[in-house]
Amino acid sequence: TFTVQSNRNLVANFTLNTYTITATANPTNGGTVSGAGTFNHGASCTLTATAATGYTFTNWTENGSVVSSNANYTFTVQSNRNLVANFTLNTYTITATANPTNGGTVSGAGTFNHGASCTLTATAATGYTFTNWTENGSVVSSNANYTFTVEGNRNLVANFTAITYTITVSANPSNSGTTSGGGTYNHGQSCTVIATSADGYTFLNWTENGSVVSNL
């Protein structure tokens with residue numbers, strides 16, 4: 001306001017507003033963010049969230065409210081803004097099975113966070129021995145207690161081998177008859193041995209280490 005006393009040519013000068021856009025990661029080790037800085041009013045800003053290994057981008061929030069579920073969030077700058085890129089730690093499923101199913105038991109499988117330690121334990125059933133752990137047909141460990149860092153879903157198989165035994169049979173005296181049924185057998189398998197007398201002899205019994213085990 002002024003008192004007019006002559007012609008005057010006046011200029012009103014304006015300054016374009018600038019705003020600060022900040023962006024942070026939550027949790028801080030969940031990933032990185034880029035694109036923040038100082039912008040003129042009306043400028044376009046694109047914030048980019050990049051998840052770290054073992055994490056997945058979830059959303060962008062501002063004051064606790066979700067503003068975008070796109071890792072690349074573009075908006076027109078009209079004020080100062082403080083945005084948070086939220087990341088979720090990946091979880092994975094570890095499964096473990098026995099082969100054959102009656103060869104033994106396995107434990108330690110379940111759901112784990114990325115980077116967690118998992119120990120799978122294989123326990124052989126009676127008559128079996130633990131052989132190895134395989135994944136997609138490839139051997140990953142020969143230790144019954146297999147410990148590893150979880151970095152993805154895994155499907156592991158504990159392989160067991162049936163214990164085998166050799167059954168030998170013979171006649172006494174050697175010319176008194178013939179025997180059959182000996183061979184290699186798995187633990188728990190049925191075995192029938194047969195003694196056939198030669199002419200002039202009669203079967204008496206079966207002995208093992210000098211002790212009678214059967215009269216049949």
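Whatever comes next refers back to the structure up there.
These numbers come from a predicted model, not from an experiment. (Residues numbered from 1 in each chain as written. Predicted model: local features only at pLDDT ≥ 70, side-chain atom pairs only at ≥ 80, totals over all residues. Heavy atoms only, no water.)

Participant: Kindly report on the pairing of strand β22 (residues 211–214), identifying the contributing residues and their values.
Facilitator: Here is the key point about a regular strand: its side chains alternate between the two faces of the sheet. Examined bridge by bridge, strand β21 (residues 206–208) and β22 share three bridges and lie antiparallel to one another. Residue W206 lies in a different strand from β22, and its bridge partner there is S214. A loop of two residues connects β21 with β22, the two strands running antiparallel in sequence, and N209 in this loop sits at a positive phi of about 55°. (Pairing = 2+ DSSP bridges. Helix = DSSP H or I, 4+ residues; strand = E, 2+ residues; numbered from the N terminus.)

Participant: Would you mind going over the sheet that holds strand β4 (residues 44–51) in detail, with residue names and values included?
Facilitator: Spatial ordering of the open sheet is given by β2-β4-β7, a layout of three strands whose pairing is antiparallel. The strands lining the two open edges of the sheet, one partner per strand, are β2 (31–34) and β7 (72–76). If you compare each strand with its neighbour and ignore which way they point, the axes differ by 15° on average. As paired strands, β2 and β4 are joined by four bridges and run antiparallel to one another. Bridge pairing links S34 to T48 in β4. (Axes fitted to C-alpha atoms, helices over the stretch in contact; angles between N-to-C directions.)

Participant: Explain the sheet that holds strand β10 (residues 104–107) to me, and be specific about the residues and the numbers.
Facilitator: Taking strand neighbours across the sheet as the criterion, the three strands line up as β10-β12-β15 in an open arrangement whose pairing is antiparallel. Pairing within the sheet leaves two strands with one partner each, and these edge strands are β10 and β15 (145–149). Taken pair by pair, the neighbouring strands of this sheet meet at an average axis angle of 15°, ignoring direction. Bridge count between strand β12 (residues 117–124) and β15: five bridges; the pairing is antiparallel. From the neighbouring strand, C118 faces β15, where its bridge partner is F148.

Participant: Please give an account of unusual backbone geometry that cites residues and values.
Facilitator: In the segment running from N99 into P100, the intervening peptide bond is cis, with an omega of -5°. Relative to the helices and strands, P100 is located in the loop between β9 (91–99) and β10. Residue P173 is bonded to the preceding N172 through a cis peptide linkage, with omega at -5°. For P173, the location among the structural elements is in the loop between β17 (164–167) and β18 (177–180). One non-glycine residue, N209, adopts positive backbone phi at about 55°.

Participant: Give me the lowdown on the environment of T121, citing residues and values where you can.
Facilitator: For T121, the position within the fold is in strand β12. You can call T121 partly exposed: its relative accessible area is 23%. Taking the C-alpha atoms as reference points, T121 and Y146, 25 residues apart in sequence, are found 6.5 Å from one another. Residues in contact with T121, not counting those within four places in the same chain, are T105, V106, S107, W133, A144 and N145. Polar side-chain contacts of T121 include one of 3.0 Å to the side chain of N145. (Buried < 20%, exposed > 50% of the residue type's maximum accessible area, 1.4 Å probe, protein only. Contact = heavy atoms within 4.5 Å. Polar contact = N/O pair within 3.5 Å; in protein donor to acceptor, adjacent residues only side chain to side chain.)

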